[in-house]
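The lines below spell out each chain.
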Amino acid sequence: METLFACCVGFLSACGIFLMLRGRTFPVMLGLTMLSYAVNLFIFASGRLTLRGAAVLGTSEQYADPLPQALVLTAIVIGFAMTAFLVILAIRARADLGNDHVDGKLPDADAVKKESR
Amino acid sequence: MRFKPKFRWLPTPYRSVLLFLVWLLLNQSIEAVHVFFGLILAIIIPLLTLRFRDPQPLIERPLLALRYILRVFGDIVTANAQVAVLILGPKQRLNPAFVKVPLDLQHELPITILASTVSMTPGTVSAEIYPSVEQLPEGEPLPQRWLLIHVLNLKDEAQLIAEIKQRYEAPLKEIFQC
Amino acid sequence: MLNNVIMLVFAMISVALLLNLWRLLRGPSLPDRILALDTMYINSIALIILYGLLMGSPLYFEAALLIAMLGFVSTVAVCKFLLRGDIIE
Amino acid sequence: MWHLITAPVLLPMFTALLIMLPPIHYSPNRRRWVSMISSAIQLMLVVLLLMQVQQQGQLHYAIGNWQAPFGIILVADTLSVVLVCLTSFLALGAICYGSAGEDEKGSFFHPLFQFQVMGINGAFLTGDLFNLFVFFEVLLIASYALLIHAGGKNKTKAAVHYVVLNLTGSAIFLISLAVLYGTTGTLNIVDMAQKVAQLPASDLMLVKSGALMLMIVFALKAAVLPLQFWLPATYASASAPVAALFAVMTKIGVYALLRVYTTIFGNEAGELSGIAADWLLPAGLATIALGAIGVMASQDFRKLVANLVLLSVGTLVSLVALQTQQAAAAALYYTVHSTLVTAALFLIADLIANQRGKAADRLVSGRKVVQPVLLGMMFMVGALSVAGLPPLSGFVGKVMLLQSVTDPSSRLWFWALVLVSSLVVIVGLSRAGSTLFWRISGTDTVAETAKPLQVFAVCWLLLASPLLVIFAGPLTELSMQAAAQLYDTKTSVQLILGQEVTP
Amino acid sequence: MQNWIEWAVAFFLLLGGSFVLIGSIGLTRMPDFFMRLHGPTKATTLGMGGILLGSIFFFSLSGGVSVHELLITIFLLITAPISAHMLIKTALHHKLKAITKTKGLDNIAPAQSKQHGRKPLP
Amino acid sequence: MTLLWILLLPLLGSLVPVLTARWSRSACALATAIPPSVALMLLLYHSSTILDGGSIRFFLSWIPLLGLDITIILDGLAFMFGLLILGIGLLIILYARYYLSERDSMPRFYAYLMLFMTAMLGIVLSGNLLQLWLFWELTSISSFLLISFWWHKAEARRGARMALTVTGAGGLALLAAFLLIGQVVGSYDLQQVLASAELIQQHAWYPVILVLFLLGCFTKSAQFPFHFWLPNAMAAPTPVSAYLHSATMVKAGIFLLARFYPALSGTDLWFVLVSVTGLATLLLGAYLALFKHDLKGLLAYSTISHLGLITLLFGMGTDLAAVAGLFHIINHATFKASLFMAAGIIDHETGSRDMRKLNGLWQFMPITATLAMVAAAAMAGVPLLNGFLSKEMFFAETLHQHLLGSLSWVVPVLATVAAVFSVAYSMRFIHDVFFNGQPKGLTKTPHEPPRYMRVPVEVLVALCILVGLFPGYLIGDLLQAASAAVLPGDVPSYSLAIWHGFNLPLFMSALALVGGIVIYVNRKHLFDFQNTLPDVDALNSFERSVKRFAERCGRLYQWLDSGSLQRYMTLTLLSFVILAGLPLTDLVTLWGGREELPIDAVNATGAVMLLIAAFATVLWHRKRVVALLMISVVGLMVSIAFTRFSAPDLALTQLSVEVVTIILLMLALFFLPHKTPKQSESSRVVRDLSIASMVGVIIGSLSYALMTRPFNTISDYFIANAKIGGGGTNVVNVILVDFRGFDTMGEIAVLGIASLGIFKLLTRIPLFKPSSDGEGRPWALERHSLLLSTVSQSLLPLAIMVSIYIFFRGHNLPGGGFIAGLVTAVAIILQYIAQGVDWVKARMNVEYQRVVAVGLMIALLTGVASWLFNRPFLTSWFDYFDIPFLGKIELASAMAFDLGVYVTVVGSTLLILASLGKMTTAHRPVHKETI
Ligand code: NA
Ligand code: NA
């Protein structure tokens, strides 16, 4: 199971990173979201995987490590706040700069033909 | 048809009952604490959210409503079997159709219940209610409204319309007295 | 016996989820994909309830309830987006 | 009195919230005064805290009464408290400057500013790695919001880069924290230091991987080559008081590097001691070079100052990489000096830009400034200080840091780079100054003179420079003491973890 | 008693599972969007009801009461038609093609042009 | 203490002109002159001690850690220089009073001048290396200010910058040298350093130290090849040239040579470096001086030449040479300062310094001409004047050196050649200006200067003559004392007589005089020859090279910092790959010994779905809506994974956040293009793919390695104490609100701040609303669906009920304030979606930023409340209460904290979504909406 889990985490990170390396804001946001999924899973896994062991006292004999879960919760919330900010920033950038390229200007080859919208 | 609530502190009694039951369901308990808090919440929450509720006709015939619900449940179960057969059966036998059903109901809540019922019962899904009266100037008479439905396997259009009107719309008119 | 039944139902739900995924990937239209996603949400409720049964724990109920609520909202939001572009207007 | 250590975190937060609520939020003046007064109070409290630390030695405070390593603790040692003092001092100046009108060019200036101070102070004081992450995020999100204060295309553009890079950094931060937690099973810095020292061999490389990842994060925050790209545009486009406050932000990265690679991966970390140095030293030196190049290359004054920040970061990171007590002491003194003076220069740049009409702070001939004597003197003081020329604080810092490098091979590079870059800074600043003040074209037009609050703010920051020189004796002693405390991991362990360590 | 409940659990679970599966099969199999919609909307909802009932019985096996699954059922019953409605609206708006033998296609057009004498707001 | 005052008085004196700026010019000048006069008197007060060969020391601890203490030493050398600095300084103050015009800011000039005087005194009086360096740099700075005094002239600005650059560079070299010396000797105390000659000279660093040290000296003293800044510093007002560039600052380098003579000299390296540099400078300066048409240019090159001479003297390494060097320092200061002042007078009264225009001034200003001619004669080394004496000594020393081995005879020859040119340019100064026909094209009619303007010149010229006539009587003791300070051993016997009999030096002097006259008379040929050489304009080439350097830097910087985020990201990620990846390569196996859990089919299905959906997101990322749906699946699967692996709280949170994020992204998509244009070249895609996969592999491997390792964690403590210490059974929640409540407070602060930032971002945003979707389809006309509005209205109370339930159970079961807050927020957002902003606003006109503040405040105050019980911040409290009929109820402070979380989350989420939603409505935020 651990192998599978690790593969998923690795693959998600790779996908996230690939998207974050794109030139437009929207894929970057997608990539960031994906990367935070990967990161959250990663933190979570740092407490090792446990089946049938929710960290609620009295429900089982062996509990999953609660601390990484708490950390992930914090990370999720912070990630959400950051993503939200980035999303609105992207809108702002599009409005201010006229395009949705991360650098605020279209690369030369593309600058000739106008934005589709 | 009645819009005005009987008690100011209990503007939507059925909603309160529902909320009370929901609270007990959530807590899966009928201990005193939960009953107590359930009662309080069942009163407070409707008051809090009252402003978020457009005036709707109130249920005048609760028993009839209960019967309606049970009937719909029954219909759902029986009809789902039919749909299952349709889905699993040969596709060529299906005769899909768009059918428009004239509506006698005028108010939003009853229409919504009707449309939902139609969607949940076999072979039909509510697509549109038209024309939209959203921007209708005040005082202007409501036009005839239609419910557009998609039917998975239409046998007889007239019969279907009749069944919907008689089996679902009529009781709703009774319940809300409109 | 019950365990076997649960496993069987698990299998059914899994197949259903894969079918949903297939439709999601296949499309062809956006509403098709949204429908597939919506169905996937509902099917995962089933999945979570089954987990709860398997572990004999009612702790997962809220997750199921939340999926039901939030799945609905997200479906509605996407539809609204396709209809009007502006979700909140 | 023992809650004093929480004041640098809680007071700014409280102030921020107070400003957002009635009855304070109604008028700009109320918001300003509450913000300024609170900052002044904060400064007084942190000075008290410093005195407390001087008297009692390293302090720690268990939040929620949960003792380390289980709960989060705040740790006040000389190093962290001096940096908190620095932040408070700087913040007061920047807030005063902002209160002269800049604050009304967008919403929530004061609350965001206070939140950022809260984040910075928290990052300095926390003794817990994950909590450090949280405070990093607090200060980052506040900085994102402050960066776009008053709007403008350049800000938006800079913000996109800044935000995306930092978000990547945060992701890496989390991964490295997870790795460190997954191997050591703890998050408390001191506890982790202990655990790292007793690590089983099979975990060594994992921890090393995590530790080096952490270095990326801090290096990104500190803006070390090749992770510095966000800095020039960000600092140059931010509005003046914000840029001034940002001057301390890079130092948090440096501080974190210093803290983590001395306490956790320091001399007692066994196999893993000093893992960062090999990477940090070349990176720091290269950053110095890049900063110097940037100073020459800058087309406008604010960019130039931003590059000066880069240069100071390079210097500091190189010092951190040396991993000696002397270097740490020099780094502390230099941090205080460089932060205040670059902050002041950002404000001065703004004053100059306001008075030069269209030319603003671009290094081309332009209108004559309205207050040449005042601004000229401010510029002169700032420039001398930042260039490390006597008699201002830069020279003490420079001498101290040059002296602190004793390892022959690093000395050659370090000295060469520091000295050459000093020369480049002298050349660059003399060019900039003579262009800004002396190359005049166009007619005199009435421009706004600097407002009293602005002048006060700049003087407040600049005043620090001569004071740092006059009291250089005790202050260098203080730095030395801070460094000694930092390197004394054993005492920290004893103080924080007590005798018993295992739960 | 115990045995009886076990059988009930098994029955409901299997029933539910089957309906869920059938709903998804419908989603996969049907030739156009409008027909695909029927499966998930109804069969899946019912299937969920089955599984939830199974769950209720299951937990009563161990002596406890677990009725809150009912809530999910109620919730789905309320929301599923609305989701379906929104989806079909979207499909109509996107002018998705129904298979050719669909009757009453001309009923769509009037439903789509729903102005009522006044210009719509932007 | 008086020593300190000698330093402090001029420093305070720099304030005097500023304070007396409103007084008359004379009064201001007089007031300014008072502090240096007092200082001079204080200096003279010590003359007896010093001239008797003693020294005085003052010590004040300053920065002991750096070895930088205030140490002042007054010995013969310092005394001599102090006299020069203060004495000539006073004359300059007087001179400048008349030189500066009404337009010039006299207070500013005097202030700078006094500052410079302080710096210069600081150098000569320093008894500590670092302190010496401090004042050294101060001279550079104050000279920058003085050279650029007329900043409106481009050449003044440039000349000043050039001087600053060159001397600044030298200063840094000097600092390095001093620091090295300090580390070798172990102290920065001058006396200790001077006493450690052997230690220094035998140290491996000696060559480095010496080179760096000499760089400092030579740049300051304008030695070849750093001489070029000095002529360009002539853009300064003439008093500055007279003071800084002849008498004092340029002598600072020489002073250092003298000061460190005991410690550094005596080695071959010293001889070679110093004397060769001096010789080259001597020749070059003398030669070039002849060709300058600018009066001050001539003097500048002459100064260079004389500085070279002195350097050469110190380089020779004999004691007598050093004495001669010291003697020439005094002499040069007197005649060169007077010459500069004379040149200033000429400039002042004729409006020109161009010797091609200046002719026959004798008839207009005979007194000035006489003075200038005497001084020039001293410069030429005419007997009976002071210049002659030191030059004689110089010639004598050139004959006694063995610098170049068997070729050592070249040195006296070259010295004579230089002397020839020296005579020639002195001749030119006399003849070309005061005779040689009539002035050409002057704007003014020349006349004598104001009476007192000439006084300083008169004083100095008188000194030239008196010293020339009675050297031993006038200067003997001083020279003796200074020499004693410089020379390590005893001062050799020498005689300061005018007449030493007929000897080779005398012959060389005579040769120089005759040769100089010959050359001057035949200068035409030499000028023609010189004109054929390319003209090197140091100023412009310096400017150009600085500019070119700046441009190169600019290009390099541009190249490095291309402004492309993708590149920055690539670099960041590459650092990650290298730093995080390298240690992993040392790992033999990733597996850490812990047995893996078995894989079951359902998990496999989930994983496959996750992977496929992630892949699909990447594959279709350019169709944005589709990608959004795909990523929803990923999020859903992640939540299910959390459920599967016993983390219900995570699943709940992930789900709620996921939905809000999707809504947010959809809101955003309205304002963004719906499709990403295809743009990336395949090479970039390949590059990105490889980076991404490397990162993925590293993260995956790390994750695997972690999961398969056993470890001990502090978590056991949390499980053990959650109930007894935190009062809750849901350990995760107890960690969140209690054990690590501080994190949570930070986390909600982040959320709150983010919402404020978003609000900020949306104010004054220039909006555009697309009228159709990505395929060009116009938007549907119906705004709100009847069914949706009706149902959403009835869902609201239900959702609130559910969120209250989730809130309260959080402490003991999965749930809590955060999730409850999101559920509430989503329910309200549903109202926005279903019925629009107007509808909601009419029913709930809340400013969400206030809600955020209230929420955070609740959390904060809950934490602070524990102070009342003398407990640390955020200490939790809980208890169980027995209430009649209801039974046992738990109350906990954690609930209040969680309430803060709840309120903050609701407020933030709504602020974010509703602000964005409002953008397209009549309620969109306008600029005025602050705070
Ligand atoms: Na002439
Ligand atoms: Na002439």
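Residues numbered from 1 in each chain as written. Chains lettered and ligands numbered in written order. Predicted model: local features only at pLDDT ≥ 70, side-chain atom pairs only at ≥ 80, totals over all residues. Heavy atoms only, no water.

Quick word on the overall build of chain B
- Each helix and strand counted, chain B has 5 helices and 3 strands in total.
- Taken along the three principal axes of its C-alpha coordinates, chain B extends 60 × 45 × 25 Å.
- Counting the 178 residues in chain B, one finds 48% classified as buried.
- Within chain B, residue pairs in contact and separated by at least 24 positions form 74% of the contacts whose partners lie at least 6 positions apart. (Helix = DSSP H or I, 4+ residues; strand = E, 2+ residues; numbered from the N terminus. Buried < 20%, exposed > 50% of the residue type's maximum accessible area, 1.4 Å probe, protein only. Contact = heavy atoms within 4.5 Å.)

Overview of the coordination of the sodium ion (ligand 2)
Residues and elements named next belong to chain F.
- For the sodium ion (ligand 2), the protein coordination sphere consists of Met355 (O), Leu358 (O), Asn359 (OD1), Asp432 (O) and Asp432 (OD), at 2.0 to 2.4 Å.
- Read from N- to C-terminus, the donor residues coordinating the sodium ion (ligand 2) fall into the pattern M-x2-L-N-x72-D.
- A separation of 1.7 Å is found between the sodium ion (ligand 2) and the sodium ion (ligand 1), both of which receive a donor from Met355.
- Taking the relative accessible area as the measure of exposure, Asn359 reaches 3% and is therefore buried. (Donors = N, O, S within 2.8 Å, 3.2 Å for Na, K, Ca; no water.)

Here we look at the coordination of the sodium ion (ligand 1)
- All of the protein donors around the sodium ion (ligand 1) are F:Met355 (O), F:Leu358 (O), F:Asn359 (OD1) and F:Asp432 (OD); their distances to the metal are 1.9 to 3.0 Å.
- Along the chain, the residues donating to the sodium ion (ligand 1) are arranged with the sequence spacing M-x2-L-N-x72-D.

Observations concerning the confidence of the model for chain D
- Here chain D shows a mean pLDDT of 92. Residues at 70 or above account for 99%.
- Scored by ipTM, the complex comes to 0.95, with pTM at 0.94. (pLDDT = per-residue confidence, 0-100.)

With respect to the sheet that holds strand E2 (residues 124–130) of chain B
- Strand order in this open sheet of 3 strands is E1-E3-E2 (chain B), and the pairing throughout is antiparallel. One side of each edge strand has no neighbouring strand; the edge strands of this open sheet are strand E1 (97–103) and E2 of chain B. In this sheet, neighbouring strand axes are inclined to one another by 25° on average, regardless of whether the strands run parallel or antiparallel.
- Pairing of E2(B) with strand E3 (residues 145–151) of chain B, which is carried by 6 bridges, proceeds in the antiparallel orientation. Looking at E3(B), one finds that B:Tyr130 is bridged to B:Trp146.
- Along the sheet face, helix H2 (residues 33–61) of chain E touches E1, E2 and E3 of chain B and points at about 110° away from the line of E2(B). (Pairing = 2+ DSSP bridges. Axes fitted to C-alpha atoms, helices over the stretch in contact; angles between N-to-C directions.)

A short note on the pairing of strand E2 (residues 68–74) of chain F
Residues and elements named next belong to chain F.
- Of all the 7 residues making up E2, 6 are buried; the element is thus mostly covered by neighbouring parts of the structure.
- Across 6 bridges, strand E1 (residues 56–63) lies against E2 in antiparallel orientation. Note that in E2 the partner of Phe59 across the bridge is Thr71.
- In sequence, E1 turns back onto E2 through a hairpin of 4 residues, with Gly67 there showing a positive phi of about 75°.

Re the packing of aromatic side chains
- A complete count under the given rule lists 70 aromatic pairs over all chains for this structure.
- Ring plane angle 15° and centroid distance 4.4 Å describe the contact between D:Phe89 and D:Trp460, whose orientation is recorded as stacked. In this pair, D:Phe89 sits in helix H3 (residues 78–98) while D:Trp460 sits in helix H18 (residues 452–470), placing the two residues 371 residues apart along the sequence.
- The buried category is assigned to D:Phe89, whose relative accessible area is 19%.
- Counting every residue linked through ring pairs, the aromatic cluster contains A:Phe85, D:Tyr144, D:Tyr162, D:Trp230, D:Tyr235, D:Phe246 and D:Phe346.
- Over the face of the ring belonging to F:Phe711 we find A:Arg48, whose NZ or CZ atom lies 3.9 Å from the ring centre. (Phe/Tyr/Trp six-rings, centres within 6.5 Å; stacked < 30°, edge-to-face > 60°. Lys NZ or Arg CZ within 6 Å of the ring centre and 35° of its normal.)

Observations concerning the arrangement of the chains
- The interface with the most contacts, out of 10 pairs of chains in contact, is the one formed by chains D and F.
- In this structure chain A stays clear of chain B, and the shortest span between their C-alpha atoms is 17 Å.
- These two, chain B and chain D, are apart from each other, with no contact and a minimum C-alpha gap of 24 Å.

With respect to the interface of chain F and chain D
- Opposite the 111 residues of chain F that make contact, chain D presents 123 residues.
- Carbon and sulfur atoms supply 78% of the area buried between chain F and chain D, which totals about 10500 Å² over both sides.
- Across the chain F-chain D interface, the total number found is 2 salt bridges.
- Between F:Arg740 and D:Asp128 there is a salt bridge, and its shortest N-O distance comes to 2.6 Å.
- Counting across the chain F and chain D interface gives 26 residue pairs in polar contact (both at pLDDT 80 or more).
- Taken together, the residues of the side of chain F that touches chain D sort by class into 73 nonpolar, 22 polar and 16 charged. (Buried area = accessible area lost by both parts, 1.4 Å probe. Salt bridge = Lys/Arg side-chain N within 4 Å of Asp/Glu carboxyl O. Polar contact = N/O pair within 3.5 Å; in protein donor to acceptor, adjacent residues only side chain to side chain. Nonpolar A, V, L, I, M, F, W, Y, C, P; charged D, E, K, R; others polar.)

Here we look at unusual backbone geometry
- Omega for the bond connecting B:Tyr130 with B:Pro131 falls within 30 degrees of zero, at -5°, which places this linkage in the cis form.
- Here D:Ala68 and D:Pro69 are connected by a cis peptide whose omega angle stands at 5°.
- Residue placement: D:Pro69 occurs in the loop between strand E1 (59–62) and strand E2 (73–76).
- The backbone of D:Ala360 shows a phi angle near 45°, a positive value even though the residue is not glycine.
- Within the fold, D:Ala360 resides in the loop between helix H14 (325–355) and helix H15 (372–387).

Comments concerning the side chain of D:His110
Residue and element names in this part refer to chain D.
- As for its placement among the helices and strands, His110 is situated in helix H4 (residues 109–125).
- Polar contacts involving the side chain of His110 include one to the side chain of Ser35, which spans 3.0 Å.
- Not counting the four nearest positions on each side in its chain, His110 is found in contact with Ile19, Arg31, Arg32, Ser35, Ile95, Ser99 and Asp103.

What to know about the interface of chain F and chain A
- Counting from both sides, the interface comprises 115 residues of chain F and, opposite them, 84 residues of chain A.
- Carbon and sulfur atoms supply 76% of the area buried between chain F and chain A, which totals about 9000 Å² over both sides.
- At the surface where chain F touches chain A, the tally comes to 2 salt bridges.
- Taken together, the links from chain F to chain A amount to 20 residue pairs in polar contact (both at pLDDT 80 or more).
- A breakdown of the residues in the side of chain F that touches chain A according to their chemical character gives 69 nonpolar, 30 polar and 16 charged.

Structural notes on helix H30 (residues 648–671) of chain F
- Compared with the 34 Å implied by 1.5 Å per residue over 24 residues, the 35 Å span of H30(F) between its first and last C-alpha is a close match.
- Among the 24 residues in H30(F), 24 count as buried, and that is most of the element. (Expected span 1.5 Å × (residues − 1).)

Things to note about a nonpolar patch on the surface
All names here are of chain F.
- Where nonpolar side chains cluster on the molecular surface, the patch consists of Leu384, Ile465, Leu466, Leu469, Phe470, Tyr473 and Leu474 and spans about 680 Å² of accessible area.
- Listing elements by their share of the nonpolar patch, those giving two or more residues are helix H22 (451–469) and helix H23 (471–486).
- Considering each element in turn, the nonpolar patch owes the most residues, 3 residues, to H22.
- Summarising the element assignment, Leu474 is placed in helix H23.
- Leu474 gets classed as partly exposed once you look at its relative accessible area, which sits at 40%. (Patch = residues over 30% accessible without salt bridge, like charges linked within 9 Å, V, L, I, M, F, W, Y side chains within 5 Å. Areas by Shrake-Rupley, 256 points an atom, 1.4 Å probe, with all protein chains shown as cover.)

Structural notes on the packing of helix H3 (residues 66–97) of chain A against helix H33 (residues 731–739) of chain F
- In the contact formed by H3(A) and H33(F), the axes pass within 9 Å of each other and the chain directions differ by 55°. For the element pair H3(A) / H33(F), the angle class is oblique. For H3(A) against H33(F), the interelement crossing comes out right-handed. Contacts from A:Pro66, A:Leu67, A:Gln69, A:Ala70, A:Leu73 and A:Thr74 in H3(A) reach F:Val731, F:Val732, F:Ile735 and F:Leu736 in H33(F).
- Of the residues in the contact of H3(A) with H33(F), the class split is 8 nonpolar, 2 polar and no charged. (Parallel < 35°, antiparallel > 145°, perpendicular 65-115°, else oblique. Left-handed = near helix turned anticlockwise from the far one by under 90°.)

Looking at the side chain of D:Thr234
- As for its position among the elements, D:Thr234 is in helix H9 (residues 230–237).
- Of note is the side chain of D:Thr234, whose polar atom sits 2.5 Å from the backbone oxygen of D:Trp230.

Quick word on the packing of helix H13 (residues 301–322) of chain D against H14(D)
Residue and element names in this part refer to chain D.
- Between H13 and H14, the least distance of the axes is 10 Å, while the angle of their chain directions is 175°. Comparing the axis directions of H13 and H14 gives the class roughly antiparallel. Taken together, the residues of H14 that come into contact with H13 (itself represented by Phe301, Arg302, Val305, Ala306, Leu308, Val309, Ser312, Thr315, Leu316, Leu319 and Leu322) are Ala327, Ala330, Ala331, Tyr334, Thr335, Ser338, Thr342, Leu345, Phe346, Ala349 and Ile352.

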